[in-house]
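Structure assessment
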Amino acid sequence: GRKENELAIKDAQDAQTAVSDAISVLKDFYKSSGGMEKAAFELVQRSKAPVKLPETPSSWDSEYTSVADPAAQPEGIVTVLEKVSADFAQMESDTNAQEASDQEAYDEDMKSCKIEKARRIQEAEMK
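Calculation notes
- Residues numbered from 1 in each chain as written.
- Predicted model: local features only at pLDDT ≥ 70, side-chain atom pairs only at ≥ 80, totals over all residues.
- Heavy atoms only, no water.
- Helix = DSSP H or I, 4+ residues; strand = E, 2+ residues; numbered from the N terminus.
- Buried < 20%, exposed > 50% of the residue type's maximum accessible area, 1.4 Å probe, protein only.
- Salt bridge = Lys/Arg side-chain N within 4 Å of Asp/Glu carboxyl O.
- Patch = residues over 30% accessible without salt bridge, like charges linked within 9 Å, V, L, I, M, F, W, Y side chains within 5 Å.
- Areas by Shrake-Rupley, 256 points an atom, 1.4 Å probe, with all protein chains shown as cover.
- Lys, Arg positive; Asp, Glu negative; His and termini not counted.
- Charge placed at Lys NZ, Arg CZ, Asp CG, Glu CD.
- Contact = heavy atoms within 4.5 Å.
- Axes fitted to C-alpha atoms, helices over the stretch in contact; angles between N-to-C directions.
- Parallel < 35°, antiparallel > 145°, perpendicular 65-115°, else oblique.
- Left-handed = near helix turned anticlockwise from the far one by under 90°.
- Nonpolar A, V, L, I, M, F, W, Y, C, P; charged D, E, K, R; others polar.
- Expected span 1.5 Å × (residues − 1).

The next subject is the overall build of the protein. When its secondary structure is counted, the protein shows two helices and zero strands. Sorting the 127 residues of the protein into buried and exposed places 17% on the buried side.

Next up, the structure:
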């Protein structure tokens, strides 16, 4: 019903906000660590030399350099979260459309019932 639709819409909006925040944090992290390319307008900071990790390190003495491209299709984490965000947006849109359709059907049904009620009252009065 209407209450469930309102809750679903609110959940979808909250989820979109949370996923968008997560994407922003991840993009900032990957851009600062070199895992993602920065846009031309972003400040580029380069380290002295690229990080080289030994095959079997005894301890980690450098920053995280990321294992995979976070924006790679289809399994990069940023790509996955963008897809999840799009799914929540679609869910919100579908729920809004369903709510509008349900309201239209309800209004039409109520109109039909009022007409039928008026017809029956008039019929009863004529008897």
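What follows continues from the structure just given.
To continue, consider the pattern of salt bridges. Taken as a whole, this structure holds seven salt bridges when the rule is applied. In this structure, the salt-bridge partner of glutamate 116 is arginine 119, at a minimum N-O distance of 2.4 Å. In this pair, glutamate 116 and arginine 119 both sit in helix 2 (residues 77–126), three residues apart, roughly one turn of the helix. For arginine 119, a relative accessible area of 39% puts it in the partly exposed group. Between glutamate 116 and arginine 120 there is a salt bridge, and its shortest N-O distance comes to 2.7 Å. Taken together, the residues glutamate 116 and arginine 120, both in helix 2 and four residues apart, mark about one turn of the helix.

All right, on to a negative patch on the surface then. A contiguous patch of negative charge on the surface is contributed by Glu104, Asp107, Glu108 and Asp109. Along the chain, the position of glutamate 108 falls in helix 2. Judged by relative accessible area, which is 47%, glutamate 108 ranks as partly exposed.

Moving on to the side chain of serine 85. You can see serine 85 is positioned in helix 2. The class for serine 85 is buried, based on a relative accessible area of 18%. The contact partners of serine 85, leaving out residues within four places of it in the chain, are Gln16 and Val19.

Turning our attention to the packing of helix 1 (residues 2–33) against helix 2. The contact between helix 1 and helix 2 brings their axes to 9 Å, and the two run at 160 degrees. Put simply, helix 1 runs roughly antiparallel to helix 2. Seen from above, helix 1 lies across helix 2 with left-handed handedness. Classifying every residue of the contact of helix 1 with helix 2 gives 16 nonpolar, seven polar and six charged.

Because an α-helix completes one turn every 3.6 residues, residues spaced three or four positions apart along the sequence face the same direction. A rise of 1.5 Å per residue sets the reference length of helix 1, with its 32 residues, at 46 Å; its end C-alpha atoms lie 46 Å apart and thus fit the reference within 8%. When helix 1 is considered as a whole, its buried residues turn out to be Asn5, Ile9, Ala12, Ala15, Gln16, Val19, Ile23, Tyr30, Lys31 and Ser33. A positive phi of about 90 degrees marks glycine 34, the residue just after helix 1.

An ideal rise of 1.5 Å per residue puts 74 Å on 50 residues; helix 2 measures up with 73 Å between its terminal C-alpha atoms. Turning to helix 2, its buried residues number three or more, namely Val78, Thr79, Leu81, Ser85, Glu92, Thr95 and Glu99. Residues of helix 2 that are buried make contact with helix 1.

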